[in-house]
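# Residue-level structure breakdown
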Amino acid sequence: MPRVFSDIGCTRPAPNLRFDPPDSTFYDDPELRYSIEKKVTGWDEKRKEWLKRHPTFAAGAKDRLVMVTGSQPNPCRNPIGDHLLLRAFKNKVDYCRIHGYDVFYNNVLLHPRMKSYWAKLPVVKAAMLAHPEAEWIWWVDSDALITDMEYKLPLDRYNYKGHNLVVHGWSKMIYEEKSWTSLNAGVFLIRNCQWSMDFIDVWANMGPISPDYKKWGVIQRSVFKDKLFPESDDQSALIYLLFKDRRLTDKIYLEGEYYFEGYWVEIVPTYANITEKYTAMEREDGTPFITHFTGCQPCSGDHNQIYAGESCWSGMVKALNFADNQVLRKYGFMHPDLLDSNTVTETPFDYPDEGPW
């Protein structure tokens with residue numbers, strides 16, 4: 001009998017969404033603001049008190065997660081862009097449905113000056129305040145696609161040593177090579193706690209809301225010689241904070257043991273081999289968890305010139321269909337050709353139960 005996805009959300013205690021006690025909570029504070037420029041204090045105590053007054057949310061709270069993603073407010077300039085963004089969102093919704101996670105898709109600027117790559121920080125902070133029941137907020141860029149739908153985030157690994165921020169990166173590249181690509185800030189987990197609130201304040205103050213924004217760009221380029229553009233960006237800012245204070249690694253986990261996010265140019269060519277191994281029931285290596293189409297810019301079409309536009313779009317279609325096959329096979333179908341999104345074929349009843357089809 002076909003195996004269903006394990007650990008689906010319905011096996012967890014279900015919060016009572018209709019229960020709202022009359023007691024006052026931090027939401028009743030007239031000074032509460034969701035703005036990135038408004039400091040939040042006493043957040044750990046406020047969350048603890050809120051959970052105490054909402055006991056059905058307290059059960060399983062340490063593993064509760066909200067995925068946050070989004071895109072620009074306006075239609076894409078690239079004709080295929082809106083279609084790719086829709087499918088990319090479906091990909092994330094499928095993953096969250098399978099694992100019982102909430103997902104929030106944002107397509108407005110929550111701060112008019114925090115645009116482009118900086119737009120994520122106001123959204124993440126707002127999500128922390130809006131979801132006191134969630135221990136983790138998981139930011140995933142719109143061009144990052146989940147390609148192993150069954151993989152479960154190893155939250156216990158991060159809980160064990162009390163890490164509050166998880167990014168894909170390499171310590172050697174930060175402290176020895178001083179590279180602005182030593183980590184990728186397009187996918188990260190951040191714990192919903194006071195430390196994170198304070199860290200977001202520091203991180204955001206290297207962005208456009210800071211009067212020293214231009215200065216920070218100069219400083220970043222002086223340290224990271226391979227940085228290609230003059231403006232301060234969220235990724236370089238995060239690396240700079242780590243570079244200047246190594247003690248931050250006590251709270252920031254540089255994940256390199258699995259593809260928390262992986263570079264698409266390296267991953268996409270492996271899909272055919274992975275599928276063949278699964279078909280032969282010879283699973284040896286894990287499927288890359290997230291394939292990140294860094295540099296492709298599917299919405300604007302302003303992709304990095306070292307890639308052909310067609311290779312970016314074709315790569316995204318392959319990744320989407322590779323992931324979609326893992327969903328469709330539960331319903332008895334699959335895409336036989338990863339470049340053909342229109343065609344599906346029925347799968348035999350005894351089709352191999354394991355693997356991303």
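Since this is a predicted model, take the numbers as computed values, not measurements.

Scoring rules and cut-offs
Residues numbered from 1 in each chain as written. Predicted model: local features only at pLDDT ≥ 70, side-chain atom pairs only at ≥ 80, totals over all residues. Heavy atoms only, no water. Core = buried A, V, L, I, M, F, W, Y, C linked by side-chain atoms within 4.5 Å. Buried < 20%, exposed > 50% of the residue type's maximum accessible area, 1.4 Å probe, protein only. Contact = heavy atoms within 4.5 Å. Helix = DSSP H or I, 4+ residues; strand = E, 2+ residues; numbered from the N terminus. Disulfide = S-S within 2.5 Å. Pairing = 2+ DSSP bridges. Axes fitted to C-alpha atoms, helices over the stretch in contact; angles between N-to-C directions. 1 Å grid on protein atoms, 1.4 Å probe; cavity = no way out; pocket = protein on both sides within 12 Å on 5 of 7 lines; lining within 4 Å. Points joined across faces, edges and corners; volume = space filled by probe spheres on them. Nonpolar A, V, L, I, M, F, W, Y, C, P; charged D, E, K, R; others polar.

### Remarks on the nonpolar core
In terms of nonpolar packing, the biggest core is built from 49 residues, with Leu183, Phe188 and Trp203 touching the most fellow members. Those residues in contact with phenylalanine 188, other than ones at most four positions away along the chain, are Lys120, Leu121, Val124, Ile137, Trp138, Trp139, Leu165, Val166, Val167, Trp203 and Phe260. If you look at the next biggest cluster of nonpolar residues, it comprises 25 residues, including Tyr95, Ile98, Met149 and Phe260.

### Re unusual backbone geometry
The phi dihedral of serine 116 is positive, around 55°, even though this residue is not glycine. When you line up the elements, serine 116 lands in the loop between strand S2 (102-106) and helix H4 (120-130). The exposure class assigned to serine 116 is exposed, which follows from its relative accessible area of 58%. Residue glutamine 297 is not a glycine yet carries a positive backbone phi of 50°. On the basis of relative accessible area, glutamine 297 is assigned to the partly exposed category, the value being 40%.

### Focus: the state of the cysteines
The full count for this structure, using the stated rule, is 2 disulfides. There is a disulfide in this structure between cysteine 76 and cysteine 299, and the S-S distance comes to 2.1 Å. Taking the sign of the torsion about the S-S bond as the criterion, the disulfide between cysteine 76 and cysteine 299, at about -110°, is left-handed. With a gap of 223 residues between them, cysteine 76 in the loop between strand S1 (65-70) and helix H3 (81-99) and cysteine 299 in the loop between strand S9 (290-292) and helix H12 (309-328) connect regions that are remote in the sequence. The disulfide bridge from cysteine 296 ends at cysteine 312, spanning 2.3 Å between sulfur atoms. Where cysteine 296 bonds to cysteine 312 through sulfur, the torsion about that S-S bond is close to -85°, and the disulfide is left-handed. Of this pair, cysteine 296 sits in the loop between S9 and H12 while cysteine 312 sits in helix H12, and the two are 16 residues apart along the sequence. Summarising the burial analysis for this pair, cysteine 296 and cysteine 312 share the class buried.

### Describing the sheet that holds strand S6 (residues 183-191)
The strand order S2-S1-S3-S6-S5-S7 describes an open sheet built from 6 strands, whose pairing is mixed. A strand with exactly one partner marks an edge of an open sheet, and here the two such strands are S2 and strand S7 (252-255). Pairs of neighbouring strands in the sheet enclose a mean axial angle of 25°, with direction left out of account. Along the sheet, H3 contacts S1, S2 and strand S3 (136-140); its crossing angle with S2, the most-contacted strand, is approximately 160°. Of the strands in this sheet, strand S5 (165-169), S6 and S7 are in contact with helix H7 (residues 194-204), which crosses S6 at around 150°.

### Overview of empty space enclosed by the protein
If you walk through the whole model with that rule in mind, you get 2 cavities of 30 Å³ or more. Here the largest cavity is characterised by a volume of approximately 70 Å³. Lining the largest cavity are Arg87, Lys90, Asn91, Asp94, Leu320, Ala323, Asp324 and Val327. When the residues that make up the lining of the largest cavity are grouped by side-chain class, the tally is 3 nonpolar, 1 polar and 4 charged.

The analysis is restricted to geometry; functional conclusions fall outside its scope.
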